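# Close look at the chain arrangement
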Amino acid sequence: MIGGLIGLVGFTVAAGADWRYGIGFSVTEIWDGLTRSNAPMRGLAEIDLGALTGSRARDGFLETLQMAVMSSIAGALIALPLALFNSKLGAPNRAVYAVVKLLNNVIRAIPDLLWALLFVAAVSIGALPGILALFFFSLGVVTKLTSDTIDGIDHGPVEAARASGASHPQMLRFAVLPQILPAYTSFSMYCFELNLRASAVLGFVGAGGIGTVIDFYRGQGQWDRVWGVVAGFLVVVIVVERISAVLRKRLL
Amino acid sequence: MSGTETQRVADERFRDAVRPEKPFNWFRLTVTVAVVAGFLGASLSVDARWERLPEVPGELWNIFGLMFGDLDLADLPDALDSMWESVGIAWIGTMIAAALSFPLAFLAARNVSGRVSVVVTRQLLNIPRAIPEIIFAVALIPIFGLGPLAGTVAIGLSSTGTIGKLSAEIIEGCDHGPMEAADAAGGSKPQLVRWAVMPQVMPEIIAFWLYRFEVNIRASAVLGVVGAGGIGTMLQQSIEFRQWASAGMALIVVVLVTILIDMASGAIRRRIIRGPRPAAQT
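Here we summarise the structure given alongside this text. Because the structure is a prediction, the values reported are computed rather than measured.

Parameters and conventions
Residues numbered from 1 in each chain as written. Chains lettered and ligands numbered in written order. Predicted model: local features only at pLDDT ≥ 70, side-chain atom pairs only at ≥ 80, totals over all residues. Heavy atoms only, no water. Helix = DSSP H or I, 4+ residues; strand = E, 2+ residues; numbered from the N terminus. Contact = heavy atoms within 4.5 Å. Areas by Shrake-Rupley, 256 points an atom, 1.4 Å probe, with all protein chains shown as cover. Rg over C-alpha atoms; globule rule 2.2 N^0.38 Å. Buried < 20%, exposed > 50% of the residue type's maximum accessible area, 1.4 Å probe, protein only. Phe/Tyr/Trp six-rings, centres within 6.5 Å; stacked < 30°, edge-to-face > 60°. Lys NZ or Arg CZ within 6 Å of the ring centre and 35° of its normal. Patch = residues over 30% accessible without salt bridge, like charges linked within 9 Å, V, L, I, M, F, W, Y side chains within 5 Å. Salt bridge = Lys/Arg side-chain N within 4 Å of Asp/Glu carboxyl O. Buried area = accessible area lost by both parts, 1.4 Å probe. Polar contact = N/O pair within 3.5 Å; in protein donor to acceptor, adjacent residues only side chain to side chain.

On a plain count of helices and strands, chain B comes out with twelve helices and zero strands. By sequence separation, contacts in chain B at least 24 residues apart represent 76% of the contacts at least 6 residues apart. For chain B, the accessible surface area stands at approximately 15,100 Å², while carbon and sulfur atoms represent 64% of it.

Structure follows, in structure tokens:
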């Protein structure tokens, strides 16, 4: 316990200190920066909600929504079989399990923005690389969460199905699927929320959505408009989250 | 009534019996229609230039070939260095968030604080939760300049919302017995929190801090894309300038380090939640 604590403090100091291997964290610098007059904070004080009514922001929001809807649905659909294979119970054999598990770990270790960078390099800018990036991101999230659920299901129906001579696919269909369906639906909706939030930043690497608009106003130094768009985005995210929370409660 | 008579009646009943009709599930139909319609509507209306889609697998294969075809070990020290910076940003950012969110969590828990405090604090925690780290980072770069400090503060601020909300929920889920006991023994509110609530909730809250650290590593790995320090800068620049080999090396380092830290942190979290093994106490 004490050893662990010392290690923890040591790690924090090593990572935070201002030396060759530290990030040079300093509270005074933060205080100085925040108290100095600066453009983003001045913009926040005179936030311009009028930016939301322009066609630029409207198209951005629409694109963000379209991207999130498509990629969540496509990603969640493909994640269901992968989730089955990603659990010891559902995989037809050890080899499939090992391959799917490795693939899923790699997919999940690559952050959404990095996917976007890769796809922008592959097919150039626009909504398509954004959709593809969110698709892979959703695939990783939903597969992982759902396969964790499969590990915790009741084994009674599985044994019953096997005892009455069900084949492996039949067992999955009638013993496993009914048990995980509510959780799976709930994870898919959670993933939609994540995608909506993520699609706000994909625009910074050219992958479409409302992020493109935020990046445009930032490039122009119009921070009042940046914060206007961010505020609008905030409202959209919170509203969607509320609706989704109600629906998810009904499902579980 | 004879035995055969009973048998006949039973057979008749069995013959006439029909399977009860399955109740029609309106909810499922609505969801299916909404999902299909949403997907079709979005895919047809979005301006994605779908004709590029068939090229994607080929292009991606091409890029992966260039990335991992001729890896150069000379890039490794650079990649490890920047990844360490990302880990540092994630760790210090998580520490900031933990320190900021800890008091807020108690203010947002219904069983500890009053109504007004709960409502106000919850709204306060909702705002950073909805804003992605990158947006914080781009707003902080003009203030702190390009570099890890902007990224650290961005991670810290945006994690405060999530950690605060989850911690408040953990506090609300704690057992009421000790609180009543402390109250009955004449404990003041701070004493109540210190001796009845904190011992119950600390393991779970610390485990969540660690989990958030894992999430933040992924976030800090990309913060460099906008110039807020860490390995993202290396990734973004090597991809932009088509130096595929060093992009590949950076990608490998990100994936491996992320998976390794996930595993280590996961083991520590399970140990914290489970508590010390009985054998270790003897």
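A separate point is the overall build of chain A. Each helix and strand counted, chain A has eleven helices and zero strands in total. Secondary structure of chain A in N-to-C order comes out as α-α-α-α-α-α-α-α-α-α-α. Relative to the globule expectation of 18 Å for 252 residues, the C-alpha radius of gyration of chain A, 23 Å, shows a markedly less compact shape. With the C-alpha coordinates aligned to their principal axes, the bounding extent of chain A is approximately 75 × 55 × 40 Å. Put simply, chain A has 252 residues, and 50% of those count as buried. Put simply, of all contacts in chain A between residues at least 6 apart along the chain, 72% involve residues at least 24 apart. Carbon and sulfur atoms provide 67% of the accessible area of chain A, an area that totals close to 11,800 Å².

In total, this model carries 13 aromatic pairs over all chains according to the counting rule given. Geometrically, the ring pair formed by phenylalanine 119 of chain A and phenylalanine 136 of chain A is stacked, given 5.6 Å between the ring centres and 25° between the ring planes. You can see phenylalanine 119 of chain A sitting in helix α6 (residues 112–123) and its partner phenylalanine 136 of chain A sitting in helix α7 (residues 127–151), a full 17 residues away along the chain. With a centroid separation of 4.9 Å and 85° between ring planes, the pair formed by tryptophan 91 of chain B and phenylalanine 213 of chain B is classed as edge-to-face. You can see tryptophan 91 of chain B sitting in helix α4 (residues 76–107) and its partner phenylalanine 213 of chain B sitting in helix α9 (residues 189–223), a full 122 residues away along the chain. Neither residue differs from the other here; tryptophan 91 of chain B and phenylalanine 213 of chain B are each classed as buried. A cation over an aromatic ring shows up here: arginine 194 of chain B above the ring of tryptophan 195 of chain B, its NZ or CZ 4.1 Å from the ring centre.

On to the environment of isoleucine 125 of chain A. Looking at the element boundaries, isoleucine 125 of chain A is found in the loop between α6 and α7. Taking relative accessible area as the criterion, isoleucine 125 of chain A reaches 52% and is therefore assigned exposed. If we ignore the near neighbours within four places in the chain, the residues touching isoleucine 125 of chain A are Val120 and Gly206 of chain A together with Arg49 and Arg52 of chain B.

The next point concerns a nonpolar patch on the surface. Residues Leu5, Leu8, Val9 and Val13 of chain A make up a contiguous nonpolar surface patch of about 350 Å² in total accessible area. With respect to the secondary-structure elements, leucine 8 of chain A resides in helix α1 (residues 2–16).

With that out of the way, let us pick up the interface of chain A and chain B. Facing 63 residues of chain A, the contacting portion of chain B comprises 62 residues. Summing both partners gives a buried area of about 5,500 Å² for chain A against chain B, and 79% of it is carried by carbon and sulfur. The partner of arginine 129 of chain B in a salt bridge is glutamate 241 of chain A, and the shortest N-O contact between them spans 2.9 Å. Scanning the region where chain A abuts chain B turns up nine residue pairs in polar contact (both at pLDDT 80 or more). No other element matches helix α11 (residues 223–251) of chain A, which puts eleven residues into the side of chain A that touches chain B.

Turning our attention to helix α8 (residues 176–184) of chain B. Its side-chain oxygen 3.3 Å from the backbone nitrogen of glycine 177 of chain B, aspartate 175 of chain B forms the N-cap of α8 of chain B. Backbone geometry just after α8 of chain B places glycine 186 of chain B at a positive phi near 90°.

Attention now moves to the pattern of salt bridges. What the rule picks out here adds up to 14 salt bridges over all chains. Across the pair aspartate 48 of chain A and arginine 225 of chain A runs a salt bridge, and its minimum N-O distance is 3.4 Å. Placement of aspartate 48 of chain A in the loop between α3 (39–45) and α4 (55–85) and of arginine 225 of chain A in helix α11 is noted, with a sequence separation of 177 residues between them. Given the relative accessible area of 31%, arginine 225 of chain A is considered partly exposed. Sharing partners across several salt bridges, the network here consists of Arg197 and Glu241 of chain A together with Arg129 of chain B.

We now examine unusual backbone geometry. The phi dihedral of serine 124 of chain A is positive, around 65°, even though this residue is not glycine. Along the chain, the position of serine 124 of chain A falls in the loop between α6 and α7.

Attention shifts here to the side chain of serine 246 of chain B. All names here are of chain B. Among the secondary structure elements, serine 246 is positioned in helix α11 (residues 244–274). According to the relative accessible area criterion, serine 246 is buried, its value standing at 11%. Non-local contacts of serine 246, meaning those with residues more than four positions away in its chain, are made with Asp75, Met234 and Ser238.

By themselves, these are just geometric observations and shouldn't be taken as functional.
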